[in-house]
Amino acid sequence: MKKTKKILALVLALVMALALVACGGGNDDKSGGSDPAPSTSSDPAPSTGGEKIYIPVMAKGFQHQFWQAVKAGADAAAADFGVDIYFDGPASETEIDAQVNMVKTEMAKNPKAMALAALSTDAVKEILEDCASKGIPVIGFDSGVPDDTSGAVKATAATNNEAAAALAAEKFNENDALVNAMKNATSDSPVVIGCLSQDAVSASVTGRTTGFVNKMAEIAESYQPGKVSIEGHTLWEKKVDSPAIIIKVEISATTEATAVQTAANALLNTAGITAIFCSNEGAVTGFLAAVSDGEDLADGGKYGDLIVAGFDAGSAQKNAVRQGWFYGSVTQDPYQIGYKAVEMAYKAANGEAVSDVDTGAQWYNASNIDDEMIALLVYD
């Protein structure tokens, strides 16, 4: 009997021990599962095998079609790289405080990385310093986070404006009428190619002016070596004697539409004007006002033989392209801006080195403006 009691006691003890081990194992499994309790720490939550990386993507705006195209690219990258994102921005690109509050809200969620197009670098300075101290990498996109000194911003996904505008010059070089004009140009009857820009201050506009002028000059030199003169503004001026081709830069006195229209008229009244590039939507708007909303560019119109290219989109410019009044236009690629921003944020969150990337630009004309991918990029 005593022997039976001892055996029962040993069995009970063994059962209790196994039960304690099982309870302990259950707690470990719960804490390491794919749906952990939210971290209350100020540091980013540690990564686990089943946990998706969380990346807020904070834009300068939200409702404009440009930002919707950025969001489409960001969503595609999130799906491709298996990350969770939250895309948002203020209703207006003047609402700096609203954007700051949005970013602060997302920071409270302890993201692994963040993509940011800041309305004001100064306004998010403390947030960036917080990111730097916590090791949260920030990826700038579109205009990015210019002049950041925190070290949090690791790279920027944005349009290389010089390369984008150079695309317009390259397309001009595919136009048979313009190519023939450049080949046959003489010092007695020089061909003039105009570049209309809204200002000489904005980094994007000056970058586009530089990109177009430099590439156009390079192309022109291949037809008239040593006889290409760049004139009109001291920032780009490189005059030569007796030029056969003149690249004339016209900058409006102010950014007001009427001032741009005046600058456009100055180009239109230049002897030998054969082609004009408008470097942004503001330049296009002023130019179209000078040519009766584009109708003067139609076949048989006052400027029916003029070859015109624009930059950006907008309803008036899209109409000019569809009508064939514009040879074509260059658009940024907001889809790629969003895609690359999330891709680089994902890589940076995983400790990979990242660097600035040119998100490219696309040429559109009457033949492809309604193609699915182009239509996404030519926003109103």
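Residues numbered from 1 in each chain as written. Predicted model: local features only at pLDDT ≥ 70, side-chain atom pairs only at ≥ 80, totals over all residues. Heavy atoms only, no water.

Asks: Which residues make up the overall build of the chain, and what values go with them?
Replies: From N to C terminus, the chain includes 12 helices and 13 strands. Expressed as a percentage of its 380 residues, the buried residues of the chain come to 48%. (Helix = DSSP H or I, 4+ residues; strand = E, 2+ residues; numbered from the N terminus. Buried < 20%, exposed > 50% of the residue type's maximum accessible area, 1.4 Å probe, protein only.)

Asks: Talk me through the confidence of the model for the chain; I want residue IDs and the actual numbers.
Replies: In this model, the chain carries a mean pLDDT of 88, and residues with pLDDT of at least 70 account for 87%. Low pLDDT, under 50, characterises residues 1-48; the predicted model gives this stretch 18 contacts beyond four residues in sequence or across chains. (pLDDT = per-residue confidence, 0-100. Contact = heavy atoms within 4.5 Å.)

Asks: I'd like to hear about the nonpolar core, residue by residue, with values.
Replies: With 33 residues, the main nonpolar core has F172, M182, I193, F212, M216 and F277 as its most contacted residues. Put simply, the parts of the chain that give this core at least two residues each are helix 5 (161-172), helix 6 (176-183), strand 6 (191-197), helix 7 (203-223), strand 7 (228-231), strand 8 (245-251), strand 9 (273-278) and strand 10 (307-311). (Core = buried A, V, L, I, M, F, W, Y, C linked by side-chain atoms within 4.5 Å.)

Asks: Would you mind going over the pattern of salt bridges in detail, with residue names and values included?
Replies: Working definition: two side chains of opposite charge can pair if their charged atoms are close together. All chains considered together, the criterion is met by 10 salt bridges. For the salt bridge of E174 with K171, the shortest nitrogen-to-oxygen distance reads 3.6 Å. Salt bridges sharing partners connect three or more residues here, namely K340, E343 and K347. (Salt bridge = Lys/Arg side-chain N within 4 Å of Asp/Glu carboxyl O.)

Asks: Explain the packing of aromatic side chains to me, using residue names and the numbers behind them.
Replies: Here the distance between the centres and the angle between the planes together describe a pair of aromatic rings. A full pass over the atoms with the stated rule returns 11 aromatic pairs. With 5.1 Å between their ring centres and 85 degrees between their planes, F66 and Y379 make a pair best called edge-to-face. In this pair, F66 is assigned in helix 2 (residues 65-81) and Y379 in the segment after helix 12 (372-377), connecting sequence segments 313 residues apart. Taken individually, F66 and Y379 each receive the classification buried, so the pair is uniform in this respect. Ring-pair connections join several aromatic residues into one group, and the members of that group are F172, F212, F277, Y327 and W363. The aromatic ring of Y86 is capped on one face by K109, whose charged end is 5.1 Å from the ring centroid. (Phe/Tyr/Trp six-rings, centres within 6.5 Å; stacked < 30°, edge-to-face > 60°. Lys NZ or Arg CZ within 6 Å of the ring centre and 35° of its normal.)

Asks: Pulling in residues and values, what's your account of the pairing of strand 5 (residues 153-158)?
Replies: The buried fraction of strand 5 is high, at five of six residues. Relative to strand 5, strand 4 (residues 138-141) runs parallel, the two sharing four bridges. Bridge pairing in strand 5 places F141 opposite A157. Sheet topology note: the strand 5/strand 12 (residues 357-358) ladder contains two bridges and is parallel. Each bridged residue has a counterpart across the sheet, and for A157 the counterpart in strand 12 is V357. (Pairing = 2+ DSSP bridges.)

Asks: Before we move on, can you summarise unusual backbone geometry with the specific residues and values?
Replies: Even without being glycine, D293 reaches a positive phi, approximately 60 degrees. With a phi close to 85 degrees, D312 is a non-glycine residue in the positive phi region. When you line up the elements, D312 lands in the loop between strand 10 and helix 10 (315-322).

Asks: Residues and numbers for the packing of helix 8 (residues 257-268) against helix 9 (residues 281-290), please.
Replies: For the pair helix 8 and helix 9, the least separation of the axes is 7 Å and the interaxial angle reads 65 degrees. In this structure, the crossing between helix 8 and helix 9 has a hand that is right-handed. Across the interface between the two elements, A257, V260, Q261, A264, N265 and L268 from helix 8 touch G282, A283, G286, F287, A289 and A290 from helix 9. Across the contact of helix 8 with helix 9, the residue classes tally to eight nonpolar, four polar and no charged. (Axes fitted to C-alpha atoms, helices over the stretch in contact; angles between N-to-C directions. Left-handed = near helix turned anticlockwise from the far one by under 90°. Nonpolar A, V, L, I, M, F, W, Y, C, P; charged D, E, K, R; others polar.)

Asks: Lay out the pairing of strand 6 with the relevant residues and their values.
Replies: Of all seven residues making up strand 6, seven are buried, and the element is well covered by its neighbours. Pairing geometry for strand 6 and strand 8, over seven bridges, is parallel. What sits directly across from L196, in strand 8, is E250. Judged from the five bridges that link them, strand 6 and strand 9 form a sheet pairing that is parallel. Pairing of V192 across the sheet is with I273, part of strand 9.

Asks: Could you give an account of the sheet that holds strand 2 (residues 84-88), with specific residues and numbers?
Replies: Read across the sheet, six strands follow the order 2-1-3-4-5-12 without closing on themselves; strand pairing throughout is parallel. What marks the edges here is a single partner per strand, and that holds for strand 2 and strand 12. Against the sheet, helix 2 touches strand 2 and strand 4, its axis set at about 175 degrees to strand 2. Helix 4 (residues 125-134) rests against strand 3 (114-116), strand 4 and strand 5 of the sheet, and its axis sits at about 150 degrees to strand 3.

Asks: Provide a residue-level description of the side chain of K318, including the pertinent values.
Replies: Here K318 lies in helix 10. Within polar-contact distance, the side chain of K318 engages the backbone oxygen of V378 at 3.1 Å. When neighbours within four sequence positions are excluded, K318 is seen to be in contact with A313, Y364, I369, V378, Y379 and D380. (Polar contact = N/O pair within 3.5 Å; in protein donor to acceptor, adjacent residues only side chain to side chain.)

Asks: So what's going on with the sheet that holds strand 9? Residues and values would help.
Replies: The strand order across the open sheet built from seven strands is 7-8-6-9-10-11-13, with neighbouring strands paired in mixed fashion. At either margin of the open sheet sits one strand with a lone partner, and together these are strand 7 and strand 13 (361-364). The sheet shows a mean angle of 15 degrees between the axes of neighbouring strands, taken without regard to direction. Note: strand 7 against strand 8, four bridges, orientation parallel. If you follow I230 over to strand 8, its bridge partner there is I247. Sheet strands in contact with helix 7 are strand 6, strand 7, strand 8, strand 9, strand 10 and strand 11 (328-332), and its direction is about 170 degrees off that of strand 6.

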